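Read off the chains here:
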Amino acid sequence: MTASRTPIAILISGRGSNMATLVAASQAADCPYRVVLVAANDPDAGGIALAQAAGIPTFAHSHKGLKRADFDALLDTAIRAAGAERIALAGYMRLLSPGFIAGWQGRIVNIHPSLLPLYKGLDTHARAIAAGDAEAGCSVHVVTPELDDGPVLAQARVPILQGDDADTLAARVLVAEHRLYPQALAEWVRA
Ligand code: GRF
């Protein structure tokens, strides 16, 4: 029943393909979450139009000109007003302030395009290739104040193929992200 599903907010900064897969998965009868808000720190984020087309309420404001804590306070107000109980970061490219994370302790997850604890931060695919790794992948983890550092809930692996560059590898990892995130989010919500 829709009313008993856990309400979640999804935070994005860009195209929102992971967000779209979470929204699509939430349409299934047995999905334990429903998406009550898609929020972006960039009003031009492509994912905002996708969310609107899916009929999901959105919050889209630039963080520019605002202190991190002030922007995060606006975000926090919007998320709570929407009734969300948990938060999924999906390509949200801004560090959240410690105060924001403290207010949602243990209730935020993120998807990161590497096999954590390897390659926290940016340029994960190029770094995996440069290191000569045979495999890359993605991780869903609980968000803590340290960047990409919280407990890992689930991972998916893909091979790194000869001739890969950061773009071809990113595309392969993204397919794995789209499979992993809806499953991992559902399991985390059910737990
Ligand atoms: C994904 O690779 C995600 O893991 C990373 O940023 C990318 C976002 O892609 N943090 P999208 O906006 O979900 O399409």
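See the structure printed just above.
Since the model is a prediction, treat every value here as computed from it, not as a measurement.

Student: Describe in detail the sheet that holds strand β1 (residues 6–12), supporting the description with residues and values.
Tutor: An order of β3-β2-β1-β4-β5-β6-β7 is seen for the 7 strands of this open sheet, with the pairing classed as mixed. What marks the edges here is a single partner per strand, and that holds for β3 (58–60) and β7 (152–159). Each adjacent strand pair in this sheet contributes to an overall mean axis angle of 20°, direction not counted. As judged from the 7 bridges shared by strand β6 (residues 135–142) and β7, these two strands associate in the antiparallel manner. In the strand pairing of β7, Ser139 is matched with Gln155.

Student: Account for the site of the ligand, naming residues and giving values.
Tutor: In the region of the ligand, the neighbouring residues are Arg15, Gly16, Ser17, Asn18, Gly91, Ile111, Pro113 and Glu177. Separating an oxygen atom of the ligand from a backbone N or O atom of Asn18 is a distance of 2.9 Å. When its residues are assigned to classes, the shell around the ligand shows 2 nonpolar, 4 polar and 2 charged.

Reading the values: rules and limits
- Residues numbered from 1 in each chain as written.
- Predicted model: local features only at pLDDT ≥ 70, side-chain atom pairs only at ≥ 80, totals over all residues.
- Heavy atoms only, no water.
- Pairing = 2+ DSSP bridges.
- Helix = DSSP H or I, 4+ residues; strand = E, 2+ residues; numbered from the N terminus.
- Axes fitted to C-alpha atoms, helices over the stretch in contact; angles between N-to-C directions.
- Near = heavy atom within 4 Å.
- Polar contact = N/O pair within 3.5 Å; in protein donor to acceptor, adjacent residues only side chain to side chain.
- Nonpolar A, V, L, I, M, F, W, Y, C, P; charged D, E, K, R; others polar.

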